[in-house]
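Below, each chain spelled out in residue letters.
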Amino acid sequence: EEIGVAETRVHVTALNERLIAGVDDLGGVVVTPRDPERRGALVCIRSTDAPQLVAALGEDGIVTSERDGNLRVSAHAYNTEEDIDAVLAGLARHRRLIA
């Protein structure tokens, strides 16, 4: 409530843009629409084994989920750029699990 819905959207969109760019750098496939006007507050990344990737990231202390065979990352108002960088580092460590 303190920062407001509009400011939250701006913040989460920026985090998602950082995540998408990082996944691109890793050679991964983002299945979420790239146009911010067409996507919600989450990003889905194609995985070769989404349940195993969720578990591996969980062991790294990174909470994600699996949807339709994809890794689902959902940033929130309380997340930071450093959180996104941690997700990207985890994805790099487990690169064999991203498509």
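Residues numbered from 1 in each chain as written. Predicted model: local features only at pLDDT ≥ 70, side-chain atom pairs only at ≥ 80, totals over all residues. Heavy atoms only, no water.

## Examining the sheet that holds strand β1 (residues 42-46)
Rules: Two strands qualify as a pair provided DSSP detects at least 2 bridges between them. For the purposes of this entry, the term helix denotes a DSSP run of H or I that reaches at least four residues, the term strand denotes a run of E that reaches at least two, and both are numbered from the N terminus. Here, axes are lines fitted to C-alpha atoms. For helices the fit covers the stretch in contact, and angles between N-to-C directions go from 0 to 180 degrees. Residue contacts follow a heavy-atom distance rule, with two residues in contact if any of their heavy atoms lie within 4.5 Å.
Reading across the sheet, the three strands line up as β1-β3-β2 and stay open at both edges, with antiparallel pairing between neighbours. Single-partner strands in this sheet number two, and they are β1 and β2 (65-67). Averaged over all adjacent pairs, the angle separating strand axes in this sheet is 40°, with direction ignored. Summarising the sheet, β2 and strand β3 (residues 70-74) pair through three bridges and their orientation is antiparallel. Across the sheet, the residue bridging to S65 is R72, located in β3. Across the sheet, helix α1 (residues 5-26) touches β1 and β3, and the angle it forms with β1 is around 10°.

## Let's talk about the pattern of salt bridges
To keep it simple, the criterion reads: Every case where a carboxyl oxygen of Asp or Glu lies within 4 Å of a side-chain nitrogen of Lys or Arg is listed as a salt bridge. Exposure categories follow from relative accessible area, calculated using a 1.4 Å probe and restricted to protein chains: below 20% of the type maximum is buried, above 50% is exposed, and the middle band is partly exposed.
One pass over the structure, following the stated rule, counts five salt bridges. Between R39 and E17 there is a salt bridge, and its shortest N-O distance comes to 2.4 Å. In this pair, R39 sits in the loop between α1 and β1 while E17 sits in helix α1, placing the two residues 22 residues apart along the sequence. On the basis of relative accessible area, R39 is assigned to the buried category, the value being 6%.

## Topic: the nonpolar core
Put simply, the rule is: Residues grouped as a nonpolar core are buried Ala, Val, Leu, Ile, Met, Phe, Trp, Tyr and Cys residues, joined through side-chain atoms within 4.5 Å.
Counting residues in hydrophobic clusters, the biggest one holds 21 residues, and the most contacted among them are L19, V23, I45, L53, L71 and L91. Contributing elements (two or more residues each) for this core: α1, β1, α2 (50-59), β3 and α3 (81-93). For this core, the element with the most residues is α1, which contributes five residues. Contacts of L91, omitting those with residues within four sequence positions, involve V23, L26, I45, L53, L57, L71 and I98.

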